Amino acid sequence: MKRFIEIDIARGITIFLVVMGHTAIPIWLNNILRDFRMPLFFLVSGYLFSSQKYLNDTRLLWINKFYALLVPYFTVGILSYFYWLILKIADPLRTEFIWYKPLVGILYGNGANGWLSLNVPLWFLVCLFCVQLLYCYSQKIIGDFNVYTQIGFYLIIGFIGYGISRFVFLPWGLDIALVALLFMYLGNKFKEYQLLNKIKPIGIVSILSLIIFGIATYINDADMNNRIYNNFFIFYTAGISGSIATLSFAKLLSKMKLPTKFFTFLGRESLIILIFHVGFAIATLKFIDKLYVVGTIHWSIYFAFGLIIPISLSFFIKKIPILNRLLNGKGKPVVTENTISQLKVS
């Protein structure tokens, strides 16, 4: 269906901007991108979330998301650690480093304060795992309430997550997960009410969303990974309006053949790009830059390598079933109620 093409385009745009944001682009531009990048990722995840499949049996969610998110997280986390260790040992200019901190960081699951410095974007996988579980269980409780009550509930939960983050960063980004639930909910409602079909690329909603986002991002900076929200309600405003504006832009691009192919391809490869672009591609370039060319590699080269290297690895990974299962969250049959019943019988 066309809406899934648009969602893939939106995912492609988001991972495109995520890679760009992890390079030395101008600070003002990165501040704009951070206001809606991760909210859009969570909103798209909500759109793709299968309520019908999971609300009736949460065991399916636990099993399927374990293979899709946690297996790649721990696999790439360990690989990233050994690669990080190799680069540290091979660096003749290295300063002292705490060899065990990244290992603890993998268990802690937070990208802030250097705990996942070996591969910061990995925080999103465990956080998304928590968001989807929390969303499923919360919908089992409040799913029959009206939309306004549910929005109010997720606003309160989000504010609780914000309050917790003022004092402590919970393991696996649980405090971020509480904040992200509203985006997850809105994404799911976008699908339920087929709102993508109603939004015109150049219409009142699209233009108004862009204007609101411009105002919100001008007066407020945010960064979910580092728990920087500043004005919390303006953060939500920027995240929601920026996401709607991006989805509108995705609808516009869906009418163009080449952009559609490019961004849908990136959208399908978003997991591999996410887990490999910082810890491997960009880390390698930084190592070369530090030792041999001393700060002369332009950010655009980091950006290009951040896309090209993971995509190249993806072609290799997909050809080997065990790697596809461990690194791409693919290859394990989706667990259904029938397979669970068969397991019980056996």
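Since the structure is predicted, the reported quantities are computational estimates derived from the model, not experimental observations.

A. Representation of the packing of helix α14 (residues 299-318) against helix α15 (residues 321-328). α15 packs onto α14 with a crossing angle of 130° between their chain directions and a minimal axis gap of 7 Å. Here α15 runs oblique to α14, going by the angle between their axes. On α15, the residues touching F316, I317 and K318 of α14 are L323, N324, L327 and N328. Of the residues in the contact of α14 with α15, the class split is 4 nonpolar, 2 polar and 1 charged.

B. Quick look at the confidence of the model for the protein chain. Per-residue pLDDT for the protein chain averages 90, and the proportion of residues at 70 or more is 95%. When pLDDT is averaged over each helix and strand of the protein chain, the minimum, 39, is found for helix α16 (residues 337-345) and the maximum, 97, for helix α8 (residues 147-165).

C. Focus on the pattern of salt bridges. Inspection of the entire model under this criterion finds 7 salt bridges. With its nearest N and O atoms 2.8 Å apart, the salt bridge here joins D8 to R11. Of this pair, D8 and R11 both sit in helix α1 (residues 2-21), 3 residues apart, which is roughly one turn of the helix. Look at D8 and you get buried, because its relative accessible area is 18%. Between K189 and E192 there is a salt bridge; the shortest N-O distance is 2.6 Å. With K189 and E192 both in helix α9 (residues 174-192) and 3 residues apart, this pair spans about one turn of that helix. Residue classification places K189 among the buried residues on the basis of a relative accessible area of 11%. A relative accessible area of 46% places E192 in the partly exposed class.

D. Representation of the nonpolar core in the model. One finds F42, M224 and F235 to be the most contacted residues of the largest nonpolar core, which totals 92 residues. Looking at this core, the element that brings in the most residues is helix α7 (residues 123-142), giving 13 residues. Excluding residues that lie within four positions of it along the chain, F235 makes contacts with P39, V179, F183, N220, A222, M224 and Y229.

E. Fine view of the packing of aromatic side chains. Throughout the structure, instances matching the rule amount to 40 aromatic pairs. Between F41 and F124, the ring centres sit 5.1 Å apart and the planes meet at 35°, which makes this aromatic pair tilted. With a gap of 83 residues between them, F41 in helix α3 (residues 37-48) and F124 in helix α7 connect regions that are remote in the sequence. Each member of the pair, F41 together with F124, is buried. Geometrically, the ring pair formed by Y162 and Y229 is edge-to-face, given 5.7 Å between the ring centres and 70° between the ring planes. A residue pair is termed long-range when its members are at least 10 positions apart, and Y162 in helix α8 and Y229 in the loop between α10 (204-219) and α11 (232-253) qualify at 67 residues. Each member of the pair, Y162 together with Y229, is buried. Three or more aromatic residues link up through ring pairs in this structure, and these residues are F159, Y162, F183, Y229, F232, F233, F235 and Y236. Between the NZ or CZ atom of K101 and the centre of the ring of W115, over which it lies, the distance is 4.9 Å.

Conventions we followed
Residues numbered from 1 in each chain as written. Predicted model: local features only at pLDDT ≥ 70, side-chain atom pairs only at ≥ 80, totals over all residues. Heavy atoms only, no water. Axes fitted to C-alpha atoms, helices over the stretch in contact; angles between N-to-C directions. Helix = DSSP H or I, 4+ residues; strand = E, 2+ residues; numbered from the N terminus. Parallel < 35°, antiparallel > 145°, perpendicular 65-115°, else oblique. Contact = heavy atoms within 4.5 Å. Nonpolar A, V, L, I, M, F, W, Y, C, P; charged D, E, K, R; others polar. pLDDT = per-residue confidence, 0-100. Salt bridge = Lys/Arg side-chain N within 4 Å of Asp/Glu carboxyl O. Buried < 20%, exposed > 50% of the residue type's maximum accessible area, 1.4 Å probe, protein only. Core = buried A, V, L, I, M, F, W, Y, C linked by side-chain atoms within 4.5 Å. Phe/Tyr/Trp six-rings, centres within 6.5 Å; stacked < 30°, edge-to-face > 60°. Lys NZ or Arg CZ within 6 Å of the ring centre and 35° of its normal.

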